[in-house]
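Descriptive structure summary
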Amino acid sequence: MFVRKLKANVKILTRQAAELEDEKERAKPYIPDPNKSGAESDLGEWVHKAQTLIDNANNLVEIESGNAGDDDGGQGTKQKCAFGLCLDPKSPYKLSKKAERYCKATAQLVQKARGFMDITFPYRQEAVNVFEDLGSRKAVLINILEALKSPSTKVIGVYGVQGTGKTMLFREVKRKAEEEKLFDAVVMPTLSRNAADLPRIQGEIQLALGPDRVSVPNELTTHQEAEAFNPIKARRTEKEVLVILDNIWEAEIYYKLRDRLPLVEENEGSLLSYKILLASTEQAVASNLSEEQFEIQPLQENEPKQLFKRIVGNPTESLRLQSMIAENCGKLPIAVATVANAFKNSNQISWKTAIRELKHCNADDQKLQSALKISYKCLNKQLQQIFLLCSLMDHNAAIEDLLKYGVGLGLFPRVSIKEARDEVLNSVAKLRDSFLLLDGGNNLRFNMPDLRDSAKSFASTEVGLENWLEERPEANESVKWIYLSHDDTPRLPNELNCQQLTFFHLSEQDPSSPIPPDLFRRTGGLRVLGLTKIWSMPQSISLLNNLHTLRLDQSVLKVEDTGAIIGKLKNLQVLSLVGCDIEELPEQIGQLAELKLLDLSDCNNLKVVPPGVLSSLSSLEELYMRNGFHQWETEGVKEWENKNASLSELKHLKLTAMEIRIDIRNIEMIKGDLFSENLARYMILVGDM
């Protein structure tokens, strides 16, 4: 039995090692020069790990085939020992276990490669570097680093108005602290204003300390990033951890976070001690919570011109114009940077008009909003829509969710899901380089700097955004987008009178207040519907004939109701049921002839996928079923006896991406002709369930 399992594992390992080799070669041209960047890049470290694993995998394959040239005389796994017992470390059992570990490791590295290289241009360093030569920022940075080195200082506070670049500064502090190895770990979780988000923030902190020692909340992961975290190796000593908390808005939140920090590593027993660096727009909050405080002020004297020039370059014909614009940005680095990037990339705007707009703004927040408006006007229509979508999404938002929304809104017409993803990644990168977005917790997530409120005000004008519902439904007839987050969910009306509505999102349903069944009866133009963490599906969803994206992540779904409703959505292209509590995939999903992306990741209770449902999805391009269903039916079972789908159903689909899970006992299901020629990337998780 072990010999058969070994051969099956080695077969998978051989294929995955070859895929990892391809990813490694694709990555090499994009590795930054260590002499220029000042430190070895994450991508360079990934390539090193990939090469080591490839070498180990190839060596194991050679041993299994009997060609390793070891002292066993070339017998490989066939070596016999006294009394018929094989005690050699290269026995089939041990080799099979090692091959299984290598399979998992290669799959993880291939998965992480997407975080680096699914974009169509070289790996980009943080745009924060444009601030490094500004004297006022350099002084604060040096002071913070000195305070962090002081053994007596445990909590450091930084305060400053919106737009002064606190987030950029903190990212530079994080980079310097890691580069100089000031701490055993540096953690910068993404904060939001939702108090119910505290468990996720706690999980993000613990995850950075080592995902093998904690459970990972579903909210933290998407199917493309579940293996994208680097654990910090534990030592049996006291470990000092720096926790950076950007945007603490009230003391109560800080105390709740502080009290949730783990004090001891679970497996290693190491004691954990913390230093905390926090930022707030309120001086009183920073002062009350910290032992030492630093103010980050607006730019000083000639720094706006210096920053503007650094971003734009030095075209002599526009020096006077540069100076005038820089002087009128309120000395806020975010305002200067966004306008400078707009000026660099566009010839379409009247800069005299821009200067007049900035001059008419008195308060700093008004100048920030005007600067953002100038930059926004320079974006093309597609980028504008994507930017507005980004402004609605939660902190540390997943690019994959942005893709699902963009496809539903028709931002990428007549292209495949893979091509649409490339466009989303390119768009997010452009917005990052324009200082309109920031990096998130990893390369597959993003954040927005101190621009969210201003961006939402643009969305109100551009797309008729509402993030609340008026008492009088007739007041919403012109609304096109509605986004209801955790803390602003109102009492929903019986019906939405929004004939022009194309986008609706409700992030969490109060179990005591069910969604009215007729809520969507008069919203026939709806293209995107996101209802996450809901307990019931309103029947009126079945009337949405124009719906292209339906996202029901982390919801509790009844098979009968879900099937009856979803089966009628004939134009649906994206169906996302990530983390849903559902035991059986409704057969009616097989009727969705236009469906291109089906995401069933993290559906841990999914036990039944009826035969013929997946194979009926003739337009399906991407299928994600990781961390969930794995009870694939064995081939050869009579059709009327089948309870579940078999892997052979997938070979007839035009899949370009796939992630599935199978039981180690069914490893022989994987055959060379299982996958279509179109399959560009895939992950198969194999193991005992």
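Let us now look at the overall build of the protein. Broken down by element type, the protein carries 19 helices and 18 strands. Counting across all 689 residues of the protein, residues that qualify as buried make up 55%. Relative to all contacts within the protein whose residues are 6 or more apart in sequence, the contacts with residues 24 or more apart total 65%. A total accessible area of about 30,300 Å² is found for the protein, and carbon and sulfur atoms account for 47% of it.

One open sheet accounts for five strands, arranged β2-β3-β4-β1-β5; its pairing is parallel. Each end of this open sheet is capped by a strand with a single partner; those strands are β2 (185-187) and β5 (292-295). Across the sheet, the mean angle from the axis of one strand to that of its neighbour is 15°, orientation sign disregarded. Packed on one face of the sheet, helix α5 (residues 135-149) meets β1 (155-159), β3 (239-245), β4 (272-280) and β5 and runs near 170° to β5. Strand contacts of helix α8 (residues 251-259): β1, β3 and β4, with the helix running at about 160° to β4, the strand carrying the most contacts.

The element β4 is largely enclosed, with a buried count of nine among its nine residues. By the bridge criterion, five bridges tie β1 to β4 in an arrangement that is parallel. By the bridge assignment for β4, Tyr 159 is matched with Ser 280. The pairing of β3 with β4 spans seven bridges and is classified as parallel. Residue pairing in the sheet places Lys 239 in a bridge with Leu 272 of β4.

Where helix α15 (residues 381-392) contacts helix α16 (residues 399-408), the axes come no closer than 11 Å and their chain directions differ by 130°. The pairing of α15 with α16 is recorded here as oblique in orientation. Pair α15 / α16 crosses with right-handed handedness. Each of Ile 386, Leu 389 and Cys 390 in α15 lies in contact with α16, whose residues at this interface are Leu 402, Tyr 405 and Gly 406. Tallied by class, residues from the contact of α15 with α16 come to five nonpolar, one polar and no charged.

It is worth spelling out the environment of Leu 95 at this point. Take Leu 95: it is sitting in helix α4 (residues 92-117). As a C-alpha pair, Leu 95 and Lys 7 span 88 residues in sequence and 9.8 Å in three-dimensional space.

Before going further, it helps to examine the pattern of salt bridges. As enumerated under the stated definition, the model contains 15 salt bridges in all. The partner of Arg 175 in a salt bridge is Glu 179, with the nearest N and O atoms 3.1 Å apart. Note that Arg 175 and Glu 179 are positioned in helix α6 (residues 166-179) at a spacing of four residues, about one turn of the helix. By relative accessible area, which is 35% here, Glu 179 ends up partly exposed. Within the structure, one salt-bridge network assembled from shared partners comprises Glu 400, Arg 421, Glu 622 and Arg 681.

A few words on α6. The first and last C-alpha atoms of α6 sit 20 Å apart over 14 residues, in line with the 20 Å expected at 1.5 Å per residue. Along α6, the positions that sit buried rather than exposed are Lys 166, Thr 167, Met 168, Leu 169, Phe 170, Arg 171, Glu 172, Val 173 and Ala 177.

When you line up the elements, Thr 153 lands in the loop between α5 and β1. Setting aside residues up to four positions removed in sequence, Thr 153 forms contacts with Ala 147, Lys 275, Glu 291 and Glu 292.

Our focus in this paragraph is the confidence of the model for the protein. On average, residues of the protein carry a pLDDT of 75, and 67% of them reach 70 or more. Between residues 114-128, whose pLDDT stays under 50, and residues either more than four places distant or in other chains, the model counts 46 contacts.

Our next topic: the environment of Lys 7. With respect to the helices, strands and loops of the structure, Lys 7 is situated in helix α1 (residues 2-27). Distance from Lys 7 to Val 61, taken between C-alpha atoms, is 9.5 Å for residues 54 residues apart in sequence.

A separate point is α5. Since the α-helix advances by 3.6 residues per turn, residues separated by three or four positions end up pointing in the same direction. Taking 1.5 Å of rise per residue, 15 residues should cover 21 Å, and α5 covers 21 Å from first to last C-alpha, within 8% of that figure. By the burial criterion, the buried members of α5 are Ser 136, Arg 137, Val 140, Leu 141, Ile 144, Leu 145, Ala 147 and Leu 148. One side of α5 carries all its buried residues, which in axial view fall inside an arc of 165°.

Across soluble globular proteins, nonpolar side chains have a tendency to be buried as a group. Counting 63 residues, the largest nonpolar core has Phe 504, Phe 520, Leu 529, Leu 531, Leu 575, Leu 614 and Trp 632 as its most contacted members. For this core, the secondary-structure elements that each account for two or more residues are β10 (481-484), β11 (503-506), β12 (528-531), α19 (559-566), β17 (657-663) and β18 (681-687). If we ignore the near neighbours within four places in the chain, the residues touching Leu 531 are Phe 504, Leu 506, Ile 515, Phe 520, Pro 538, Ile 541, Arg 551, Leu 552, Asp 553 and Ser 555. Leu 332, Leu 383, Tyr 405 and Ala 420 belong to the second largest nonpolar core, which has 62 residues in total.

Read from one edge to the other, the open sheet built from three strands follows the order β6-β8-β7, with strand pairing classed as antiparallel. Looking at which strands have only one partner, the edges of the open sheet turn out to be β6 (397-398) and β7 (438-439). Where β7 lies against strand β8 (residues 445-447), two bridges are found, and the strand directions are antiparallel. Bridged to Asp 439 within β8 is Phe 446.

Once that is clear, we can look at the packing of aromatic side chains. Under the defined criterion, the tally for this structure stands at seven aromatic pairs. Residues Trp 481 and Phe 503 carry aromatic rings whose centres are separated by 5.5 Å and whose planes lie at 40° to one another, so their mutual orientation is tilted. With a gap of 22 residues between them, Trp 481 in strand β10 and Phe 503 in strand β11 connect regions that are remote in the sequence. The exposure classification of Trp 481 matches that of Phe 503, with both residues buried. With 5.1 Å between their ring centres and 80° between their planes, Phe 629 and Trp 632 make a pair best called edge-to-face. Just as Phe 629 is buried, Trp 632 falls in that class too. Among the aromatic residues, those joined into a ring-pair cluster are Tyr 405, Trp 481, Tyr 483 and Phe 503.

This brings us to the pairing of β10. Taking every second residue as pointing to the same face, both faces of β10 are buried, with Trp 481 and Tyr 483 on one and Ile 482 and Leu 484 on the other. Here β10 pairs with β11 via four bridges, running parallel. Within the sheet, the bridge partner assigned to Tyr 483 lies in β11 and is His 505.

Cut-off values and rules
Residues numbered from 1 in each chain as written. Predicted model: local features only at pLDDT ≥ 70, side-chain atom pairs only at ≥ 80, totals over all residues. Heavy atoms only, no water. Helix = DSSP H or I, 4+ residues; strand = E, 2+ residues; numbered from the N terminus. Buried < 20%, exposed > 50% of the residue type's maximum accessible area, 1.4 Å probe, protein only. Contact = heavy atoms within 4.5 Å. Areas by Shrake-Rupley, 256 points an atom, 1.4 Å probe, with all protein chains shown as cover. Pairing = 2+ DSSP bridges. Axes fitted to C-alpha atoms, helices over the stretch in contact; angles between N-to-C directions. Parallel < 35°, antiparallel > 145°, perpendicular 65-115°, else oblique. Left-handed = near helix turned anticlockwise from the far one by under 90°. Nonpolar A, V, L, I, M, F, W, Y, C, P; charged D, E, K, R; others polar. Salt bridge = Lys/Arg side-chain N within 4 Å of Asp/Glu carboxyl O. Expected span 1.5 Å × (residues − 1). pLDDT = per-residue confidence, 0-100. Arc of directions from axis to C-beta. Core = buried A, V, L, I, M, F, W, Y, C linked by side-chain atoms within 4.5 Å. Phe/Tyr/Trp six-rings, centres within 6.5 Å; stacked < 30°, edge-to-face > 60°.

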